Amino acid sequence: MAKVSDHIRQANGKTIFSIEVIPPIKGDNLKNLLDNIEPLMEFKPPFIDVTYHREEYIERPEPDGTIKKIITRKRPGTVGICSAILHKFGVDPVPHVLCGGFTKEETEDFLIDLHYLGIDNVLVLRGDPAKPFSTFKPKANGYSYASELVAQVTNMNRGIYLHEGENAMAPSNFCIGVAAYPEKHFEAIDHDTDFKYLKLKVENGADYIVTQMFFDNRKYFDFVKRCRQEGITVPIIPGLKPLSTRKQLQVLPRLFHLEMPPDFVKAVEVCENDTQARQVGIEWCVQQCRELTQAGAPGLHFYTMGKSDNIVKIAREIF
Ligand code: FAD
């Protein structure tokens, strides 16, 4: 199995196709997820990302009228899905690894499991606040920022484990991806600060960057230009999500802190139903992909969000 950075290098300047999948809701069938991946194998993705979903705090009404507070994970199974992808499709899985909800020791155990499974790729993230809270709080003896977790993975790659000193430990071999935001991370006070911390992630060992979704390619091109000016030289893979309902015109900007280009908004607003909006979303994304490919983007990384039919249509136009 290979690292994402090797796949990019071996593509020799050709844009590669990759996807991100989300584990099913707890209790749902894994088959639906695998069935959704299957049609995308036509485009030979060299790697598939699998998201990680931390615990949530929910309140459940009990028959006696009281409220029970429960801590639950709605979408467990990231490592199992990675293993299924590896064995069913022979594709390199990229599990997402979060700061949120983990101590450093738990993270180390998690990484050791991945290493033993032969999984040599991770996308390292801070994670969002645990629902329903609005601010991120690290677990006691956990990390506040992704850059710190990147440093831990880099240490493991050098054979340096927590509390064990530097003596004769078997090194791991992880290729490390990190996230970035062409339209700025919503908590960063300004772009300068955001670039400073992105650079820290790369200095701490990140091998490549995957961006948040965007609908205006200019945001990606400006972002890449600024990264290069800041001395960030690793590959920057654009993340893409084809719009699939009219409602997403409001939902995506709110959830992911991005702007929709006015032309795109106009085109979706005249749609009479979601079928039409989905078609507009496909056509817009195809245009984005053509321009990104021509500009030499190292890859096109699609956020599938549980559906693949629209991505199949887009990929057939590009790959
Ligand atoms: P960081 O890089 O830690 O940055 C978070 C904020 O802190 C930024 O505003 C940054 O500027 C600031 N900052 C960074 N370092 C410092 C410092 N040392 N001092 C002060 N400020 C600092 N979430 C999930 O829960 N599961 C997933 O699987 C998942 N996958 C994702 C995949 C991609 C490609 C992307 C783009 C996002 C994903 N997310 C996921 C969402 C992500 O967890 C959130 O966007 C989160 O709010 C930030 O994560 P980060 O790794 O970018 O954080």
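Preceding this paragraph is the structure being described.
Residues numbered from 1 in each chain as written. Predicted model: local features only at pLDDT ≥ 70, side-chain atom pairs only at ≥ 80, totals over all residues. Heavy atoms only, no water.

*Asks:* What is the right way to look at a nonpolar patch on the surface in this model?
*Replies:* Taken together, the side chains of Tyr57, Ile71 and Phe133 make up a nonpolar region of the molecular surface, amounting to roughly 320 Å² of accessible area. If you trace the backbone, tyrosine 57 turns up in strand β3 (residues 56–61). (Patch = residues over 30% accessible without salt bridge, like charges linked within 9 Å, V, L, I, M, F, W, Y side chains within 5 Å. Areas by Shrake-Rupley, 256 points an atom, 1.4 Å probe, with all protein chains shown as cover. Salt bridge = Lys/Arg side-chain N within 4 Å of Asp/Glu carboxyl O. Helix = DSSP H or I, 4+ residues; strand = E, 2+ residues; numbered from the N terminus.)

*Asks:* It is not clear to me how helix α3 (residues 78–89) should be interpreted in this structure. Could you clarify?
*Replies:* For an α-helix, the turn length of 3.6 residues means that residues three or four places apart are oriented alike. Over its twelve residues, α3 extends 16 Å from the first C-alpha to the last, a length consistent with the 16 Å expected when each residue adds 1.5 Å. For α3, the full list of buried residues reads Thr78, Ile81, Cys82, Ala84, Ile85, Leu86 and Phe89. On its buried face, α3 is in contact with β1 (16–21), α2 (30–37), β2 (47–50), β5 (92–98) and α4 (104–117). Just past α3, the residue glycine 90 takes up positive phi, approximately 65°. (Expected span 1.5 Å × (residues − 1). Buried < 20%, exposed > 50% of the residue type's maximum accessible area, 1.4 Å probe, protein only. Contact = heavy atoms within 4.5 Å.)

*Asks:* How do you make sense of the state of the cysteines when you look at a structure like this?
*Replies:* A covalent bond bridging the sulfur atoms of two cysteines is what the word disulfide describes. Overall, the coordinates contain zero disulfides when judged by the stated rule. With no disulfide of its own, cysteine 175 has cysteine 82 as its nearest cysteine by sulfur position, at a separation of 14 Å. For cysteine 175, a relative accessible area of 1% gives the class buried. (Disulfide = S-S within 2.5 Å.)

*Asks:* Could you clarify how one ought to interpret the site of the ligand in this entry?
*Replies:* Around the ligand there are 23 residues in total, and Tyr52, Tyr181, His185, Asp194 and Lys201 lie nearest to it. Between the ligand and arginine 126, the relevant distance is 2.8 Å, taken from an oxygen atom to a main-chain nitrogen or oxygen of the residue. Contact distances for the ligand include 2.7 Å between an oxygen atom and a side-chain N or O atom of lysine 201. Notes on the ligand: free accessible area 980 Å², of which the protein chains cover 87%. For the shell around the ligand, the secondary-structure elements that each account for two or more residues are β5, β6 (121–125), α6 (191–203) and β8 (208–213). Of all the elements, α6 adds the most residues to the shell around the ligand, at three residues. Taken together, the residues that form the shell around the ligand break down as twelve nonpolar, five polar and six charged. (Near = heavy atom within 4 Å. Polar contact = N/O pair within 3.5 Å; in protein donor to acceptor, adjacent residues only side chain to side chain. Nonpolar A, V, L, I, M, F, W, Y, C, P; charged D, E, K, R; others polar.)

*Asks:* Which parts of the structure should I look at to understand the packing of aromatic side chains?
*Replies:* When we look at a pair of aromatic rings, we describe it by the centre distance and by the angle of the planes. One pass over the full model with this rule turns up twelve aromatic pairs. Among the aromatic residues, those joined into a ring-pair cluster are Phe17, Phe43, Phe302 and Phe319. (Phe/Tyr/Trp six-rings, centres within 6.5 Å; stacked < 30°, edge-to-face > 60°.)

*Asks:* What exactly am I supposed to notice about the pairing of β5 here?
*Replies:* Sheet faces and side chains relate simply in a regular strand, where the side chains alternate between the two faces. With seven of seven residues buried, β5 is to be regarded as a mostly interior element. Of the two faces of β5, both are covered, the one formed by Asp92, Val94, His96 and Leu98 as well as the one formed by Pro93, Pro95 and Val97. Judged from the four bridges that link them, β2 and β5 form a sheet pairing that is parallel. Within β5, the residue paired with valine 50 across the bridge is proline 95. Note: β5 against β6, three bridges, orientation parallel. Note that in β6 the partner of histidine 96 across the bridge is leucine 123. This β-α-β element, β5 to α4 to β6, shows right-handed connectivity. (Pairing = 2+ DSSP bridges. Right-handed = clockwise from strand over helix to strand, strands pointing away.)

*Asks:* Honestly, unusual backbone geometry in this entry has me stumped. Any pointers?
*Replies:* For residues that are not glycine, phi is negative in most cases, and the peptide bond is trans in most cases. Along the chain, lysine 131 connects to proline 132 via a cis peptide bond; the corresponding omega equals 10°. With respect to the helices and strands, proline 132 occurs in the loop between β6 and α5 (146–157). One non-glycine residue, methionine 305, lies in the positive phi region at around 45°. Mapped onto the secondary structure, methionine 305 falls in the loop between β10 (299–303) and α11 (309–318).

*Asks:* I tried to follow the pattern of salt bridges on my own but got confused; where do I start?
*Replies:* Two side chains of opposite charge can pair, provided their charged atoms sit close to one another. Evaluation of the coordinates by the stated rule reveals 17 salt bridges. Between arginine 9 and aspartate 6 there is a salt bridge whose closest N-O contact spans 2.9 Å. On the criterion of helical spacing, the pair formed by arginine 9 and aspartate 6 is a turn pair, its members being three residues apart in helix α1 (residues 4–10). Arginine 9 sits in the exposed class, given a relative accessible area of 58%.

*Asks:* I'm lost on the sheet that holds β10 in this one. Help?
*Replies:* Taken in spatial order, the eight strands close into a barrel running β1-β2-β5-β6-β7-β8-β9-β10, and their pairing is parallel. Across this sheet, the average inter-strand angle for adjacent strands is 30°, counted without regard to direction. Summarising the sheet, strand β9 (residues 236–240) and β10 pair through two bridges and their orientation is parallel. Note on β10: the bridge partner recorded for leucine 240 is phenylalanine 302. (Axes fitted to C-alpha atoms, helices over the stretch in contact; angles between N-to-C directions.)

*Asks:* I would appreciate a short explanation of the packing of α6 against helix α7 (residues 217–229) in the present structure.
*Replies:* Think of two packed helices as two axes; the pair is described by the angle between the axes and how far apart they sit. Interhelical geometry of α6 versus α7 gives an angle of 60° and a closest axis separation of 11 Å. On the basis of the axis angle, α6 is oblique to α7. Pair α6 / α7 crosses with right-handed handedness. In this structure, α6 uses His191, Asp192, Phe195 and Leu198 to contact α7, whose residues at the interface are Phe223, Arg226 and Cys227. Counted by class, the contact of α6 with α7 contains four nonpolar, one polar and two charged residues. (Parallel < 35°, antiparallel > 145°, perpendicular 65-115°, else oblique. Left-handed = near helix turned anticlockwise from the far one by under 90°.)

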